[in-house]
Every structure is written in C-alpha cells, then in structure tokens.
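Structure at a glance
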Amino acid sequence: MSSYRSTELRRRATTIGLATLLAAGTAAPTALAAPAPTHADHPSTRLGDVRVLAHFDRAAGQAAESIALDPGGGAVIGMIPARQVVRVAQGGAVQVLATMPLPPGGGGTTPVVGIPVVTGVARSDSGAVYFLYSAGQGGLTGIWQIRRSGEPRLVVPLPADTMPNALVIDGERDRFLVTDSTGGRIWQAPLRGGEASVWSADPALAPSGFFGANGLKVHDGAVWASNSDHGTIVRIPVTKGGGSGRAEVRATRLEGIDDFDFTGRSTEILAAINQTSKLVRVGADGAQETLLDAEDGMQGTTAVAVRGNRAYVTNGANLAGNDPNLMLAELQRR
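Residues numbered from 1 in each chain as written. Predicted model: local features only at pLDDT ≥ 70, side-chain atom pairs only at ≥ 80, totals over all residues. Heavy atoms only, no water.

**Observations regarding the sheet that holds strand E17 (residues 248-251)**
Read from one edge of the open sheet, four strands run E14-E15-E16-E17, paired in antiparallel fashion. Of all strands in the sheet, those bounded by a partner on one side alone are strand E14 (213-219) and E17. Across this sheet, the average inter-strand angle for adjacent strands is 30 degrees, counted without regard to direction. Pairing of strand E16 (residues 232-237) with E17 involves three bridges; the strand directions are antiparallel. Following the sheet pairing, Arg235 is matched in E17 by Glu248. (Pairing = 2+ DSSP bridges. Helix = DSSP H or I, 4+ residues; strand = E, 2+ residues; numbered from the N terminus. Axes fitted to C-alpha atoms, helices over the stretch in contact; angles between N-to-C directions.)

In structure tokens, the structure reads:
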C-alpha cells in the first residue's frame, strides 16, 4: 500500500493476521501434546454453501483482521492497516463505524510492524462494540469502545510496547482478555474499564521471532490461545479464583495460524491459517483436515467465528490475491 515505506515493511505489516512472517525455526512446546494426524476417522464437521458476504477496499487498507458477530446475522470487523472498525449487515452492506487517527509521528514505533493498526474486536451482550488499537504510544494503545455518538474512547490503556491482537469478553468474570503477540502474554482488565494486568505469561505464549500469542477464546473452563510462531493452540485452565494454570499444548503443526473458533462439537476447532490461506478443521483428537483453501477463495485467511450452523471467515488478502472479504459457510455436522 502507498503508506508503507518499503516492500519489506509492506510484507511485514500486511501479514498481521498477525502471524505470517514466521521464524525459520520454532522452539519446543512447553507441554506435551499428542501427535496430530492429518486425517480424521471420527465424526467431523464439513462446510457447505460457501459464499462471499461482503468485499472490502484493499486500496484503502481494508485488510480484514477480526470478527465479532451481531445477533441479527451481521458482523463487526477490524481492519488493518486502515485503522478502522466496520459493520457488515446481514445483506452484505458495509458501514464504517470508526477510523482511528494516526498518532503523532505516524506510529512508526508500533512493535514489529511499524505502523498503527486496529486488530481485535468484541461485542458485549449489551451491544457495546470494543476494539484494539496498537499505535506504539501510551494513551493510544489499548482497548477502545465505540460510543453511541460514533466517537471512540479509550477504556483500558495498555503499555506502548505491547501488540494487542485478539480481544474477548469473559462474561462470567466481567473482564476483557487480550493477547499480546510480541510480549507473549495474555492481559486482563475489568469490563467496566481501568487498569490492565498480566493474566498469563506462560512460555507457551512466547514468540520465537515474530508473533506468539494471537487468537483467543474462552471455552470449556479454560482460555485457549494460538501461537503463530510455534503453530500451536494451547489451553490454559482457569483457576477457581479466575487466575491462570499451566498451559497445555492441544494442537501442533499449524504454522501461520491466526484466529480460531470452536464448532460446538466438544473441542473441535476451525483454524484460520493466514500464511497458506486455509481454513483447517482440528478434531478433539488433534486430527487435522483442510476444509477451505485458495481454490475456495481463501486469500490470507485471518479469522473465523462460529454461531449455530454458520461459520464466518475473513480474508485479509495480505499474502495472496487482492480481494479482502467476509465469507459465510454452513456447518454440516456428520
């Protein structure tokens, strides 16, 4: 894009999915994991009626990065590096909800990527929309809320040297959880706003060259996170008091993984693989199967969100193609 200062910066910044420039080598996981077979022999989920719900403007920097689902069938999407949050209606119409200003100096101090970016988005039960802004500066980096007036406000500041990536709301404990991809941590903060603290800095979240902890979900009494550099998904149990236990690696060999979500069938997962433009099913037993790839329209796949029998998938078109979009597919459980 024209705002990138060099070809290399363009390559680094637009992969933020945020995890596609992986180090050549990866460190060993911190916990034992069962080998992941490449095919499944058990009942599994398939996808049908795959279609594009909305196209985005790549020339304007609208590389789709994250998804928060609206109750009516639409979705809120975070856009990098346009620094935008948009809403996609059920019929596919796109509305810009907020555009974050460039920080003084242009945001060149943003960790690793060197440009300010909007990343994760979340929606509360009350309908409030929250998003992450990483600007490399204090007073800008953190969790923001879009007010009814349309003006964003900072509700949880985060340190300037963090790269907040995925945002989830832990409704049971009235808190935000945020992955910090360059710091290899998960932060927590009160849902009402205020000061953030580190919830987990388990070594399984650490990067090994670019991005560590990336995607994030709360499921089955635990917090689950993907590690892009290691190609893993880890499960961190939540203690009785809401603290973090020791991480356990639950899936491996997912190089370039970005976001993921659960299908509703035990711990079966759909994983967005940014680096190779794939959507991969990961069974509860670790078995892996590619459900969608480039032939199905995957272009730098960044995020996936499941509701009922529908899966929403974003493509950032950051490594391949030029059509960032939001796709919709029907889950077919067999």
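**A word on the environment of Ala247**
The topology assignment puts Ala247 in the loop between E16 and E17. C-alpha separation for the pair Ala247 and Val234, spaced 13 residues apart in sequence, amounts to 6.1 Å.

**Looking at the sheet that holds strand E19 (residues 269-273)**
Backbone-to-backbone hydrogen bonds join strands into a sheet, with any given pair of strands oriented parallel or antiparallel. The strand order E18-E19-E20-E21 describes an open sheet built from four strands, whose pairing is antiparallel. Every interior strand has two partners, whereas the edge strands, strand E18 (257-262) and strand E21 (288-292), have only one. With strand direction ignored, the average angle separating the axes of adjacent strands in the sheet is 30 degrees. In this sheet, strand E20 (residues 278-282) lies alongside E19 in antiparallel orientation, the contact comprising five bridges. Pairing of Leu270 across the sheet is with Arg281, part of E20.

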